[in-house]
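Structural characterization, general
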Amino acid sequence: MKIKEFISAFEKIIPAQQAEDFDNVGLLCGNPDREISGLLIAHDALEPVIDEAIDKGFNLVVCFHPIIFSGLKSITGKNYVENAVLKALENKIAIYAIHTAFDNDYFGVNYKICEVLGLTNQQVLLPKQNQLKKLEVYVPADSAERLKDSLFAAGAGDIGFYDECSFAINGTGTFRPLKGSQPKVGSHDVREKTDEVLLSVIFEDYKKHQILFAMRQNHPYEEVAYQLISLDNENQYTGLGRFGDLETEMDEGYFLQYVKDKFNLNVIRHSSFGRKKIRRVGVLGGSGARGIRAALSVKCDAYLTGDIKYHDFFAGEGKMLICDIGHFESEQFVTQQLFEILSEKFTTFAIAKTTKKTNPVNYFI
């Protein structure tokens, strides 16, 4: 399998387009036309990871964090980023990063954190905004099913755990072909009436071009009557963070010990105790201070994330226990998640998890 074929198949599972705008996901370096000799999964595509790929004879590294985040004006090996990229290029190793595409995925980073904590009634904490569109298209009744099938095949009509969702209204359309037109039915300068269907489907914005292409390719009319409508609805199945409920409420101290045990932590930085029970818990893997207000709004009793700054610990307003469990520690399950996903989907080449430690933070206990 070629690298570009792998990417096409993988992004049907975890679309790169659902990443945050600031992020740098996808193929960061390497020739997409090269055949895959093996795939190594890592949290960070650092130089030791590239060395491990070389030793294994693998030429594709799938990592969580993008080793190239901001622009590179040169690649001469003057820092750890350039060292890793330079070695990858010299040894014909491609690097593909997934980062916030997996953060935003319904079954991604934060889903796993909630699963480890045993949270029920899970929901997305920060659902994607301004992402959904509705297509309304008028089509002759006898062509409606064919058009509908083509739109579904292009990715329209996927809503949560349902697909092939649509709505149709029957009616009568009119049109008058003018000179220069080549109508499927009717004559020039004569108004025509025909039985038509108003077909409606919803889709994520990033699918727009492929869906409109499918519509035009499978619509019988020379001029297609349609409209695209941007929806204010949140995409409740895609977004950062997660929240859910513990099966049994806990005292704050007991909860922190529970988290330490579940995540195998040496330390948790946390805000002051508020003498309340912990039942509803919000989580956001990585740097998650942005989710504090949202967690408060859904009445979380505790919030788990990483990279909390001094003043952020005040933001719980005494109503919510804020817990900094560490950036890497909150994302520690990612490589195993990706290994399980990739091993199930791809069976024609070897897949392995790195043995290298890439967490740059250490603790003196």
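Conventions we followed
- One numbering rule holds for all chains: residues counted from 1, following each sequence as written.
- A pLDDT threshold of at least 70 governs which residues receive local features in this predicted model, and a stricter bar of 80 or more applies before side-chain atom pairs are shown or counted, although totals over entire chains, interfaces and linings include all residues.
- In computing side-chain properties, one takes all heavy atoms of the structure into account and sets aside hydrogens as well as water.
- Cavity means a closed set of points on a 1 Å grid over the protein atoms alone, one where a 1.4 Å probe fits but cannot get out, pocket means an open set with protein on both sides within 12 Å along at least 5 of 7 lines, and lining means a residue has an atom within 4 Å of a point.
- Grid points are joined across faces, edges and corners, and a volume is the space filled by probe spheres set on the points.
- Helix numbering and strand numbering both begin at the N terminus, where a helix is a DSSP run of H or I of at least 4 residues and a strand a DSSP run of E of at least 2.
- Residues were grouped as follows: Ala, Val, Leu, Ile, Met, Phe, Trp, Tyr, Cys and Pro as nonpolar; Asp, Glu, Lys and Arg as charged; and all remaining residues, including Gly, as polar.
- In this analysis, strands are considered paired if DSSP registers two or more bridges between them.
- Note on exposure labels: buried denotes an accessible area under 20% of the residue type's maximum, exposed denotes more than 50%, and partly exposed covers the range between, all computed with a 1.4 Å probe on protein chains only.
- Should any heavy atoms of two residues lie within 4.5 Å, those residues are counted as being in contact.
- N or O atoms closer than or at 3.5 Å make up a polar contact, with two conditions inside protein: a donor-capable atom paired with an acceptor-capable one, and, for residues adjacent in sequence, both atoms drawn from side chains.
- Think of it this way: a Phe, Tyr or Trp ring, Trp meaning its six-membered ring, pairs with another when their centres are within 6.5 Å, and the plane angle makes it stacked under 30 degrees, edge-to-face over 60, tilted otherwise.
- By the criterion adopted, a ring carries a charge over it if an Arg CZ or a Lys NZ lies within 6 Å of its centre and within 35 degrees of its normal.

Turning next to the layout of surface pockets. For the largest pocket, the calculated volume is near 1000 Å³. Among the secondary structure elements, those contributing two or more residues to the lining of the largest pocket are α1 (3-13), α6 (144-153), β8 (192-204) and β10 (235-250). Top element by residues in the lining of the largest pocket is α1. It accounts for 5 residues. Approximately 500 Å³ is the volume found for the second largest pocket. Forming the boundary of the second largest pocket are 28 residues, of which Asp-44, His-65, His-327, Thr-358 and Pro-360 lie nearest the centre. For the lining of the second largest pocket, the element with the most residues is helix α10 (residues 327-330), which contributes 3 residues. Its residues assigned to classes, the lining of the second largest pocket shows 16 nonpolar, 7 polar and 5 charged.

Another point: the pairing of β8. Regular strands place side chains that alternate from one sheet face to the opposite one. Judged from the 9 bridges that link them, strand β6 (residues 132-140) and β8 form a sheet pairing that is antiparallel. Looking at β8, one finds that Glu-136 is bridged to Ser-200. Taken together, the 9 bridges between strand β7 (residues 167-175) and β8 define a ladder with antiparallel strand orientation. Counterpart to Ala-168 in the pairing with β8 is Leu-199.

So, on to the environment of Asp-324. Secondary-structure assignment places Asp-324 in strand β14 (residues 321-324). The buried category is assigned to Asp-324, whose relative accessible area is 6%. In this structure the C-alpha to C-alpha distance between Asp-324 and Glu-247, which are 77 residues apart in sequence, comes to 22 Å. Setting aside anything within four residues of it in sequence, one finds Asp-324 in contact with Ile-268, Arg-269, Thr-305, Gly-306, Asp-307, Ile-308 and Phe-313. At a separation of 3.3 Å, a polar atom in the side chain of Asp-324 contacts the main-chain amide nitrogen of Asp-307. Among the polar contacts listed, one links the side chain of Asp-324 to the backbone nitrogen of Gly-326, at a separation of 2.9 Å.

Right, let's get into the packing of aromatic side chains. All chains considered together, the criterion is met by 15 aromatic pairs. Their ring planes at 50 degrees and their centres at 5.6 Å tell us that Tyr-106 and Tyr-237 sit as a pair that is tilted. Here the residue Tyr-106 occupies a position in the loop between α4 (99-103) and α5 (109-117), and Tyr-237 occupies one in strand β10, the gap between them amounting to 131 residues. For Tyr-106, a relative accessible area of 18% gives the class buried. Here the aromatic cluster, defined as three or more aromatic residues joined through ring pairs, consists of Phe-6, Phe-10, Tyr-96, Phe-346 and Phe-349. One residue, Arg-242, lies across the ring of Tyr-106, its end atom 4.1 Å from the ring centre. Stacked on the ring of Phe-339, the Lys or Arg Lys-353 has its end atom at 5.6 Å from the ring centre.

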